[in-house]
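Results of the structural survey
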Amino acid sequence: MELTVPEVSAHPIANLLPALGRFVHGDVATVHQIFGGPISGDAFLLLDIDGAARLVDLLTDAGAPTKQMGASAREVLGEVGNILLNACLGVFGDLLQIRFTFAVPRLHLEALGSMLDSLVIGRDELSHALVVGTLFRVRASEVTGCLVLVLGFTSLDRFLREIENWAARATTQS
Amino acid sequence: MAKILIVDDSSLSRRISRRILEEAGHSVREAADGLSALEQYATDRPDMVLLDVTMTEMNGLEVLEQLRMMDSTACVVMATADVQTSTKTLSEAGGAVGFVLKPLTSKAVLLAVDAALAGQGATQ
């Protein structure tokens, strides 16, 4: 699997729908991973239904993509999301020298707007989302998707401070 | 051939691990959560446990602690998508003798399993 250079942007939650609309439309497949620790939030992998079906088809050699997400397709998507989200958050954790804990990932299939309405991050008030959009290329087929980190005020503030700390460490070392 | 208990809440991951281990000639049992794993371990006393980290109710690190309290010689290899260095460090501190990252490949799993069974341990 190849990834294009990701586009990274930050958005207030209220502006998230149009921001994500650049990547996906209509019904979407999302794999959510709630994470805790010094920084907590909801990280999710977002694919449109066609892209999700194509990805499952490519990974399983099923022969023909179908939008009917059966149990087997859901398992594959959930595992792909689990691996990608853990990789992304794990690298953040190591870079920023903080430890995340993870809840079990959950797959949702619904309209983009409904999915955004259902975002919950415990008691920490929703604030901003960090969107990492990229193109996956699997065996000459392209699937567009993005990874989204939704953070509350407290976590966003801590996240930015930890990034500044990391930048200071990195420039001191180089 | 060893008797190996796979502990993972993902049935897909359990199937992948089972295929890899059975093709290598091992005998496999499965548990989908920590409590079931502890019960099966007490009953079957497998030679090795292949243990996921992120699970409902009890996570893998908690299961590892309980297993080692039950049997201080328990041979445990962690198999997880959690790439954090701190997770690997905590696993080793808890007594795990191997650490394999998902997506699981035959080569990585068998390397870790063989090393663990030989008493050497191997991590990615």
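Presented here is a report on the structure given in the accompanying data block. Numbers given for residues are sequential positions, taken from 1 along each chain in its written order. Working convention: letters from A go to chains and numbers from 1 go to ligands, in the order in which they are written. Two thresholds apply to this predicted model, a pLDDT of at least 70 for residue-level local features and 80 or more for giving and counting side-chain atom pairs, whereas whole-chain, interface and lining totals are computed over all residues. Water and hydrogen atoms were dropped before computing side-chain values, which therefore reflect all heavy atoms in the structure.

1. Considering the interface of chain B and chain A
- Tallying the contact residues gives 20 residues for chain B and 19 residues for chain A.
- Put simply, buried area is the surface a 1.4 Å probe can reach on two separate parts but cannot reach once they are joined, added for both. Summed over both sides, the interface of chain B with chain A buries roughly 1400 Å², with 53% coming from carbon and sulfur.
- The largest contributions to the chain B side of the interface with chain A come from L12(B), T54(B) and Q84(B), which together make up 37% of the buried area.
- Salt bridge, as used here, is a side-chain nitrogen of Lys or Arg placed within 4 Å of a carboxyl oxygen of Asp or Glu. At the boundary of chain B and chain A, one finds 1 salt bridge. In what follows, a contact means two residues having at least one pair of non-hydrogen atoms within 4.5 Å.

2. Notes on the pairing of strand β1 (residues 3-7) of chain B
Residues and elements named next belong to chain B.
- Along β1, 4 of the 5 residues are buried, which leaves the element largely enclosed by surrounding structure.
- Relative to strand β3 (residues 48-51), β1 runs parallel, the two sharing 4 bridges. By the bridge assignment for β3, I4 is matched with M48. Each residue gets one of three labels from its accessible area relative to the maximum for its type: buried under 20%, exposed over 50%, partly exposed in between, using a 1.4 Å probe on protein chains only. The way it works is that DSSP assigns letters per residue, a run of H or I at least four long becomes a helix, a run of E at least two long becomes a strand, and they are numbered from the N terminus. DSSP calls a pair of strands paired once it identifies at least 2 bridges connecting them.

3. Details of a nonpolar patch on the surface
- Among the surface-exposed residues, V91(A), L95(A) and W166(A) lie close enough to one another that they form a single nonpolar patch of about 260 Å² accessible area.
- Mapped onto the elements of the fold, W166(A) is located in helix α5 (residues 153-173). Think of a patch as exposed residues, more than 30% relative accessible area, with no salt bridge, where like charges cluster within 9 Å and nonpolar side chains (Val, Leu, Ile, Met, Phe, Trp, Tyr) cluster within 5 Å. Here the Shrake-Rupley method, with its probe set to 1.4 Å, supplies the accessible areas, and only the displayed protein chains count as covering residues.

4. Focus on the nonpolar core
- Residue types Ala, Val, Leu, Ile, Met, Phe, Trp, Tyr and Cys, when buried and joined through side-chain atoms within 4.5 Å, form a set referred to as a nonpolar core. In terms of nonpolar packing, the biggest core is built from 33 residues, with F35(A), I39(A), L45(A), L47(A), L77(A), L89(A) and F100(A) touching the most fellow members.
- Secondary structure elements with two or more residues in this core: β3 (27-36), β4 (41-48), α2 (49-60), α3 (71-96), β7 (126-138), β8 (141-152) and α5 of chain A.
- Once residues within four sequence positions are removed from consideration, F35(A) is found in contact with S40(A), G41(A), D42(A), A43(A), L89(A), F100(A), T101(A), F102(A), L149(A) and L151(A).
- Core analysis: the next-biggest nonpolar cluster, separate from the first, contains 20 residues, L5(B), A31(B), V49(B) and M78(B) among them.

5. Thoughts on helix α2 (residues 34-44) of chain B
All names here are of chain B.
- Of all the positions in α2, only G34, A37, L38 and Y41 are classed as buried. Down the axis of α2, the buried set is contained in an arc of 100 degrees. They therefore lie on one face. When the buried face of α2 is taken as reference, the exposed residues oriented beyond 90 degrees from it are L35, E39 and T43.
- On the buried face of α2, the contacting elements are β1, β2 (27-31), β3 and α3 (60-70).
- Polar contacts, as counted here, are pairs of nitrogen or oxygen atoms within 3.5 Å of one another; within protein the pair requires one atom able to donate a hydrogen and one able to accept it, and residues that are adjacent in sequence qualify only if both atoms are side-chain atoms. Of the residues flanking the start of α2, the one acting as N-cap is D33, its side-chain oxygen 3.2 Å from the backbone nitrogen of L35.
- Positive phi appears at R45, one or two residues downstream of α2, with a value of about 45 degrees. Arc definition: it is the arc formed by the directions from the helix axis to the C-beta atoms.

6. Brief notes about the packing of aromatic side chains
Residues and elements named next belong to chain A.
- Any two rings among Phe, Tyr and Trp, with Trp reduced to its six-membered ring, count as a pair given centres within 6.5 Å; such a pair is stacked if its planes are under 30 degrees apart, edge-to-face if over 60, and tilted if neither. Scanning the model with the defined rule gives 3 aromatic pairs over all chains in all.
- Ring centres 5.4 Å apart and planes at 75 degrees place the aromatic pair F92 and F159 in the edge-to-face group. Here F159 lies in helix α5 and F92 lies in helix α3, a separation of 67 residues in the sequence.
- For the ring pair F100 and F102, a centre distance of 6.4 Å and an interplane angle of 40 degrees mean the geometry is tilted.
- Grouped by ring-pair contacts, the aromatic residues F35, F100 and F102 constitute a single cluster.

7. What to know about unusual backbone geometry
All names here are of chain B.
- With an omega of 5 degrees, the peptide bond between K102 and P103 qualifies as cis.
- Among the structural elements, P103 can be located in the loop between β5 (98-101) and α5 (106-117).
- Backbone geometry places R45, a non-glycine residue, at a positive phi of 45 degrees.
- You can see R45 is positioned in the loop between α2 and β3.

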